[in-house]
Amino acid sequence: MQYFRKVLIVILGLLILLLVLPYFIPLSKPKCVNQLKPYNNSHFCEIEGVMIHYRIWQESIETESKPWIFLVHGFSATTYSWEKSIEPLTESGFNVIAVDVPPFGYSDKNPRLNHSPDNRAVLLWHFLDSVQPNASWNFVGHSMGGGIVTAMAILQPQRVEKVVLVDPSLFRKLKPERSLGQILVSLHPVERLFSVLGEIFFIKTEPVKKLLYTAYQKQPTAEQTEAYLRGLQVPGTARGIVAAFSKAKPSHKLSIEDFKSTAIAIWGDNDTWIPFERMKSITDSLDNVSVHIIENSGHVPQETDPEIFNSILLSFLLQ
């Protein structure tokens, strides 16, 4: 009995140390992101107190009548993930806007934001209303962004022309509740611990390179690693990502059955992040969604297989 008591004391001591020690390790504090200028065509827009970084490709004000495309990236990414699709889209006659979804890239890091797909969808609709209020939209959403644009299309289907889902994280139903894991991580000492661990161990060159390898299914270039690392190194990102998980609580009861927009889903057949088989039952239930599989491609085909990806993308958008 005495032995087990000692073991319990040691375990409790270690637990307390883990929960208290992170408060003695400083976390980077979010800066005014709108003071940054990561790209020549970077812009910032404040929506209901949330600062959003976006990039726009439009030849002139006279081209506003051209069709508009809205690009929404996946987890840990930025507008950079669409670099190899921009030129084909603009040359095909589209105006393009790409956004950094908070708390990623150069957008707001506020840890109190609700990052459920529907709340992000509402925020991004307000953003589009601000920057281009009279447009109808074609959406392209990758991974996490696939779930966001699906929610956007369900909320305002009359404003959506077509939707492209790229290795998307889809939902069947959104319910206003949080998982036990979210509740635990939302406890301030636990949130602090994960935030500190993220800054110290994750947001470094080698971990980011390994993360991209699992997504690409091949070694990333130095340029790709650096581009992702820059976005993740914006102060406040680690805590923002942890809070984004813990505080994501849907406010709308959305169902995939209400997604009626004309759509395609493009998947890499070697995707280990969100394998097609995991989402197949959902796409099979949607008569409005056709599926295109890219052979020998991973989770990010727009970056690793741009020629095939752009061919499928433009064939759908221009038909």
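Anyway, here's the lowdown on the structure attached to this text. If you're wondering where the values come from, they're calculated on a predicted model, not measured in any experiment. (Residues numbered from 1 in each chain as written. Predicted model: local features only at pLDDT ≥ 70, side-chain atom pairs only at ≥ 80, totals over all residues. Heavy atoms only, no water.)

**With respect to the overall build of the protein chain**
Working step 1: Each helix and strand counted, the protein chain has twelve helices and eight strands in total.
Working step 2: In the protein chain, buried positions account for 53% of the 319 residues.
Working step 3: Taking the contacts inside the protein chain whose residues are at least 6 apart along the sequence as the reference set, 78% of them involve residues at least 24 apart.
Working step 4: Summed over all atoms, the accessible surface of the protein chain reaches about 15400 Å², with 57% contributed by carbon and sulfur. (Helix = DSSP H or I, 4+ residues; strand = E, 2+ residues; numbered from the N terminus. Buried < 20%, exposed > 50% of the residue type's maximum accessible area, 1.4 Å probe, protein only. Contact = heavy atoms within 4.5 Å. Areas by Shrake-Rupley, 256 points an atom, 1.4 Å probe, with all protein chains shown as cover.)

**Brief notes about the packing of aromatic side chains**
Working step 1: Enumeration over the complete set of coordinates arrives at nine aromatic pairs.
Working step 2: Ring geometry for Phe70 and Trp137: centres 6.1 Å apart, planes at 65°, overall edge-to-face. Note that Phe70 is positioned in strand 3 (residues 68–72) and Trp137 in strand 5 (residues 137–142), a separation of 67 residues in sequence. In terms of burial, Phe70 and Trp137 fall into one category: buried.
Working step 3: Centre to centre, the rings of Phe70 and Phe139 are 6.0 Å apart; their planes meet at 65°, and the pair counts as edge-to-face. Residue Phe70 is found in strand 3, and its partner Phe139 is found in strand 5; the two are separated by 69 residues along the sequence. (Phe/Tyr/Trp six-rings, centres within 6.5 Å; stacked < 30°, edge-to-face > 60°.)

**Points about helix 10 (residues 276–284)**
Working step 1: Taken as a whole, helix 10 has its buried residues at Phe276, Met279, Ile282 and Thr283. For helix 10, the angular spread of the buried residues around the axis is 115°, confining them to a single face. Counted as exposed and oriented over 90 degrees from the buried face of helix 10: Glu277 and Asp284.
Working step 2: Contacts from the buried residues of helix 10 go to strand 7 (262–268) and strand 8 (289–294). (Arc of directions from axis to C-beta.)

**Looking at the sheet that holds strand 7**
Working step 1: Strands sit in the order 1-2-4-3-5-6-7-8 across an open sheet of eight strands; the sheet is mixed. The open sheet is flanked by strand 1 (42–47) and strand 8, the only strands paired with a single partner. When strand polarity is set aside, the average angle formed by the axes of neighbouring strands in this sheet is 20°.
Working step 2: Summarising the sheet, strand 3 and strand 5 pair through five bridges and their orientation is parallel. If you follow Phe70 over to strand 5, its bridge partner there is Phe139.
Working step 3: Running at roughly 115° to strand 1, helix 3 (residues 117–131) makes contact with strand 1, strand 2 (50–57), strand 3, strand 4 (95–99), strand 5 and strand 6 (160–166) of the sheet. (Pairing = 2+ DSSP bridges. Axes fitted to C-alpha atoms, helices over the stretch in contact; angles between N-to-C directions.)

**Observations concerning a nonpolar patch on the surface**
Working step 1: Where nonpolar side chains cluster on the molecular surface, the patch consists of Leu180, Ile183, Leu184 and Leu187 and spans about 390 Å² of accessible area.
Working step 2: Mapped onto the secondary structure, Ile183 falls in helix 5 (residues 180–186).
Working step 3: For Ile183, a relative accessible area of 41% puts it in the partly exposed group. (Patch = residues over 30% accessible without salt bridge, like charges linked within 9 Å, V, L, I, M, F, W, Y side chains within 5 Å. Salt bridge = Lys/Arg side-chain N within 4 Å of Asp/Glu carboxyl O.)

**Regarding the pairing of strand 7**
Working step 1: Where burial is concerned, most of strand 7 is hidden: six out of the seven residues are buried.
Working step 2: Of the strand pairs in this sheet, strand 6 and strand 7 are connected by five bridges, and their pairing is parallel. Following the sheet pairing, Lys162 is matched in strand 7 by Thr262.
Working step 3: Pairing between strand 7 and strand 8: six bridges, direction parallel.

**Things to note about the environment of Ile86**
Working step 1: Relative to the assigned elements, Ile86 resides in helix 2 (residues 83–91).
Working step 2: A residue is classified by how much of its surface remains accessible, and Ile86, at 6% relative accessible area, is buried.
Working step 3: It is 9.5 Å that separates the C-alpha atoms of Ile86 and Asn310, two residues lying 224 residues apart in sequence.
Working step 4: In this structure, Ile86 is in contact with Trp57, Leu71 and Val96, ignoring residues within four places of it in sequence.

Spatial relationships are all this shows, so hold off on functional conclusions.
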